[in-house]
Structures are given as structure tokens and as C-alpha cells.
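# Summary of structural features
The chain contents come next:
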Amino acid sequence: LLSVGLLALVQAQSESQQPKIQLRLAGDKRKHYEGRLEVSYNNEWGTICDDDFSIEAAHVACRELGFLGAVAWSPSAKFGQGEGRIWLDNVHCTGREKSLAECPSNGFGVSDCRHSEDVGVICNQKRIPGHRFINTMNNNVETLEERVEEIRIRPISSHLKRIPVTEGYVEIKERGKWRQICDEAWTPLNNRVVCGMYGFPGDKNYNNKVYKSLSMRKKKNYWRFSVNCTGNEAHLSSCRLGKPLEPKRNGTCGRGLPVVVSCVPGRAFAPSSSTGFRKQPLVRLRGGSNIGEGRVEVLKNGVWGTVCDDNWNLRAATVVCRELGFGSAKEALTGAKLGQGMGPVHMNEVECSGFEKSLTDCYFNNDALGCSHEEDAAVRCNIPAMGFQKRIRLSGGRNPYEGRVEVLTEKNSSLVWGTVCSENWGIVEAMVVCRQLGLGFASHAFQETWYWAGDASADNVVMSGVRCSGTEMSLPQCLHHGKHISCPKGGGRFAAGVSCSDTAPDLVLNAQLVEQTTYLEDRPMYALQCALEENCLSSTAKKNDHSSYRRLLRFSSQIHNVGQSDFRPKLGYHAWTWHECHRHYHSIEVFTHYDLLSLNGTKVAEGHKASFCLEDTQCDEGIQKRYVCANFGEQGITVGCWDTYRHDIDCQWIDITDIKPGDYIFQVVLNPYYDVAESDYTNNVMKCKCRYDGYRIWMYHCHTGELQKKKLY
């Protein structure tokens, strides 16, 4: 079932003449399957009081809305206070009723409650197959027995091999049969909705002569209704029904023909270079495991910032999705559900009409006072069906999230399953596999999979030399060998494997603190013996005597975990290294690079700050510290916490003794070899401009990621 409509017609008109009502979910900060429960009675919307409400009543309401049932219900206006009348109070359901109107209550409009007692429900995300989901309320449609099961775009034979499917007849499945829609009352706004729900940002004209010729030759089977969309619906299910069509004996619909749509794919899905899109959007998505989802970030004055979730809804989310080349939004996420951002909050109280070309064209409040990154807005967009998931599988794992990677490839004119060579297989390649399978992020990449008994018929290596950038949607999009496979170790026990996870950590360095804490220190060699043993000085330091000095560029590192799961070392206790000088274990062999670069990017000095002991130095309010270095403790960085290496501790520097005065770039790279999986590697680099006159140093324009020159507005 493809429908996600929030409104569902409830025909509660039984033999006992139950009142006709309609339900919807509304309110603040919600997903499409949860919200304040509102009811329309006598064409007037109102709310339901939480007195005596129960999970059984929630089940009835959710099923009326087209979901399989309820997960929970919420009293005391959790999703905000409604308006208008409180239609129902003291509702008692057994859970077997087909409508809330069948449940005993005080009667419609009889209540002693206030809107502070408005009830909310959280429904199961899965929908009832075949549920009637087109809104017919107030459309004067007498026949209410419509059960629309599915909607599709059916391509003509010459387009069958095109992926994604962008053009074809719009057909509705009713009572097991596919039916066309008459185009007499069809509008461009309807096209927009259909394209949006299939992952496309817009529609275009098509060759009508081809379809007209085809329709003359084939018998048509029209659906009995027209559809009337505003263009902002997330799915055709949310559009109103138009007037019923009068069936013609010859199978025609007056002068009309079957509806055809032709959609424009976004830049990531276009077969060739796509035109009509901004080359560099002012909006981006971060922290999502799949393409088309993530935390919304906006560019302003060269700095990326987040959007506060106050008033955040599907309409604004859809503007973001279409701007980035996706379809309409299927979910507007609030409460930093896809991780917290860093830096400024650029936009608050966003209000969009839904037709803006960019989120920055919508009304919004520049003042985000009171908005923290705990309120960062995010989106999940509809994306085209590319069929990637059908060409890859995980085999032999203990659960669906892990196993040996097996890919479907063409060999001798037939399709066969085979393994992937694990030589140089790493977390970035594993990330692409998990994304292709829709299983979230990679948590580990395996170069040996002897403990997972995969499909014996798929033991042969069919893909080798895989190198991914991490942004690919499928493994074949990565660089890899062609027909000539080269894998010295072979497949079998050495085949590539992965384990996937719904969440991942995300490390970000506090750039502002680096800028604020930088200074120079001339330190005598006799005070640097421990640092010399730890290899934290330039190689020329070994030639110096104890009375000489080294010039150190010192600064503080504050590393935040803004992801959705704790950052844990890849290696277990047994592989940690004891550092005698510092009296603690280092759990990661190379955790950061501290470098000074020339303006053309050549490295002129490095800090050798390779290994770290990871712990929670401080945490956001309400979060408990979990990791500590002392006494061989557990190491890591908890979500919402940060590890601070102060400027006054050993090795927290770059040795610039041999550097000449001039302009440089100071750079810090976290997790440089991708040893640990993260949801976003683009924010692992921090750079500053740096001027050294031989006596003093100035650090300025510190930023995370690549510096942006464009301004937002």
C-alpha cells in the first residue's frame, strides 16, 4: 500500500444510523502517524477529551485513519491544544468497534473539558491494505464504497527498461483491478502530487500523440471518479474526490483520454546531466542514513546553520525536498531526530505555501532565541524507485542487519549471485551497502566472513577493487574492476561483509574554541621528554640538548558527539596501548591529525597527536557521563557529551620551531582513517586561517568542513 494520507473518511453509518464523522491527526511536532485526535461532526472540526480514553479507543481511531492499530495514546494536549468544540468526552471503546462514533460517550458536544485535556494518539506506521483513503467528505459523493488499494505509473512498452519510471499512465487499483483515470477534470496540480509521491520534484510535457494513438487501440477501464488536488498533498490519497463520472457505453469518458504524467527526475536520479536546478542549493541534508533524508541545514553569510522545529510541517519539508531534487516529503521530523547540528540556528517558525523554489523564499523568523540544537528540524523525502535493493543481499548473518555481501551480476547472459573481494574493504564501502539495502548506517566492515555461512552457490567473487567515496546509492556506482576480477585471497572465508545499524555517532570539533584558545609557548626540552617519547615533537627535536627550546602552537580540542549513538573505539581492551608517560590506555591508534599547511595545501608541520584516550569530559544537561579513561575504564564519547583536551596538556600542540613567518592554514581532522563509523564525515575537518610573524600567531576564520563563499540572503 502506497498511501500515507492523514485524512481518512470514516463512514460510520451502520444499520443503526450511526452519525457520520471524519478523523484527522493534527498538532505540534508530530509525525504523519501521530498527533492530536480531531473529529469532524456536522462539517465542524473539534477535539476529544482525554477523560476515560483508553488504548482500546486509540486502536479504533487509528484503524479508522487507515493504520493497523495504535501504539500509544497521550493525554493533556501533548500535541498542542486544539480549537473549536470538544465533540466527545468519556469515550468507552472495547476495541472492536469500526468507528469512534460507535463507542459509548456523553454524546456529541456534551463535555465538561477544556482544550488542555485534548487527547492524542500514536498509531502503528503500517497501513491497512485496501483502506479507503481518498477524502470524500463535503464532496456530495453518494457512493462511499470506494476501496482504492494502490496507485502506479504504468510505462508504455518502449519505456519499460527505463529506470526510474518517470512517465506513463496513472492507474488506480480498485477491487483487484487496475483502472485508468479520465483526464477531463485532471489538472497540473494533480500531476505535481503524483510526481512528488514517486520521488520527483516536478512534471513536464510529453508526446501526447503516442498515448492518444495507443488509447485508440486498447480497451479502457476507467475509474468512476475524478480527483481534485491543491498541489500540496503528500500523496494522491489526501486529495478530494471530484464529481463522479458518467460511464459511456463505448468505454470513453466524453472527450477525455486516460491520464498520463511525465515527471522530471532530480539531479541524483537523472539518466544524463539534469538542467533546471540550482547548481549549489542553499539548503543541504546531514545525518541521514539514506539519500533524501537528514537534518536540514541552511547557508547564511558563508556559514551553515540549522532550522528550529517550531511550526515545522510537511509543507515546509516538501519545499526542502523538491529544492534538492527529490519528491514531496513523507515525514517532517522534529526534536533533532536525525542528530543535532553545530553552529547557529538560522531559521525559526518557518511558514511555506508549498510552492516556493527554496526554503529561503518562505516566511521565517530570523530570531531563534530559545531554540537549541535539540530542536533541529529534519526531513525524509520520497525518492524514485531505482531497484537497487533487489541486486544485493546479506547472507549468513545472525540477523537481517549483518552478513556476507552478495551481489547480483550478469555473467554469460544470465544473472548470478556472487561475493565481493574484501581486499581494502572498509567502513566507507560498508556504508554504501547498508544504504543500498535501506538498513541505515554501517557499524562494521569485515574482511573475513568465515563465521557466516553464506549461500554456497554464491561463493565466487564477482566484484573486486571496490573503492567508494561514500555518497553512492549502490555498490556498482563505486569504482571497481571490470570484467577481469582480481582478488588474490579469493572469496569464501575472505569475502566482504558488513553489519548495519539504525543509528551512528557523529563527531564535530568546536571550531570557535580552537580560535579562542590558541597561543604560542616556548618550552624547554627538559620539560618535553615525555612528549618526545610519545613522538609529539618534530623530528629535529631529537637532535636538541635539554637546554634548548621548542616553539609550540597550543590550543584546546573540544570534540562533540552530535550523532544518535555513542562513539566507541573499534578495538577491544586487548588491543589498547598503554602510555607510560601519561599513565592511561589509548584506545584508537590514529584518532586525529593536527597539521599546519601552506596556502597551496602542502604540509609544513604536524602535531603527531595520533592516539587519544576517549572519555566524557562534560555533557549536555540531563545526560550522564558514561566513559572515563582512569583505571582502565570504558572509553568513548556519549551522545550529547564532549571530550576536551585542554591546551595545557602534553601533545596538544603543533611544533612550529622550524617554521618561517608567514600565512598558513591550520587543520584538524578527526577519525582520519574512518576507523569508526559516523553518520557524517564531511564535518570531521576543521580549518583556520593562520598568520605567524615570528613572535605571535593569529588564528581566524575557523570553520568546520569546506568554507562557503556564497551568501544566503
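Read on for a plain summary of the structure. (Residues numbered from 1 in each chain as written. Predicted model: local features only at pLDDT ≥ 70, side-chain atom pairs only at ≥ 80, totals over all residues. Heavy atoms only, no water.)

## Observations concerning the overall build of the protein chain
Secondary structure summary: the protein chain contains 7 helices and 41 strands in total. Taking all 713 residues of the protein chain together, 54% fall into the buried category. Sequence separation of 24 or more characterises 71% of the internal contacts of the protein chain that already satisfy a separation of 6 or more. For the protein chain, the exposed surface amounts to about 33600 Å²; the carbon and sulfur share of it is 48%. (Helix = DSSP H or I, 4+ residues; strand = E, 2+ residues; numbered from the N terminus. Buried < 20%, exposed > 50% of the residue type's maximum accessible area, 1.4 Å probe, protein only. Contact = heavy atoms within 4.5 Å. Areas by Shrake-Rupley, 256 points an atom, 1.4 Å probe, with all protein chains shown as cover.)

## Considerations on the side chain of E97
As for its placement among the helices and strands, E97 is situated in the loop between β6 (85-88) and β7 (120-123). Look at E97: it is buried, it has no salt bridge, and the nearest opposite charge is R63 at 6.1 Å. A polar contact is formed between the side chain of E97 and the backbone nitrogen of T94, at a distance of 3.0 Å. There is a polar contact of 3.0 Å between the side chain of E97 and the backbone nitrogen of G95. Once you skip the residues sitting within four places of it in the chain, E97 turns out to touch V60, R63, E102 and C103. (Lys, Arg positive; Asp, Glu negative; His and termini not counted. Salt bridge = Lys/Arg side-chain N within 4 Å of Asp/Glu carboxyl O. Polar contact = N/O pair within 3.5 Å; in protein donor to acceptor, adjacent residues only side chain to side chain.)

## A word on the sheet that holds strand β37 (residues 641-645)
One open sheet accounts for 4 strands, arranged β28-β31-β37-β36; its pairing is antiparallel. With one partner strand each, in any of the chains shown, β28 (507-509) and β36 (618-619) form the two edges of the open sheet. (Pairing = 2+ DSSP bridges.)

## Quick notes on the environment of D309
Within the secondary structure layout, D309 lies in the loop between β17 (303-307) and α4 (314-323). Taking C-alpha positions, D309 is 8.1 Å from L333, a pair spaced 24 residues apart along the chain.

## Let's talk about the pattern of salt bridges
Counting across every chain of the model gives 25 salt bridges. With its nearest N and O atoms 2.7 Å apart, the salt bridge here joins R393 to E406. With a gap of 13 residues between them, R393 in strand β22 (residues 392-396) and E406 in strand β23 (residues 402-411) connect regions that are remote in the sequence. Note that E406 and R404 form a salt bridge whose closest N and O atoms lie 2.7 Å from each other. We note that E406, like R404, is buried. In the salt-bridge network here, residues are joined through shared partners; they are R393, R404, E406, D455 and D459.

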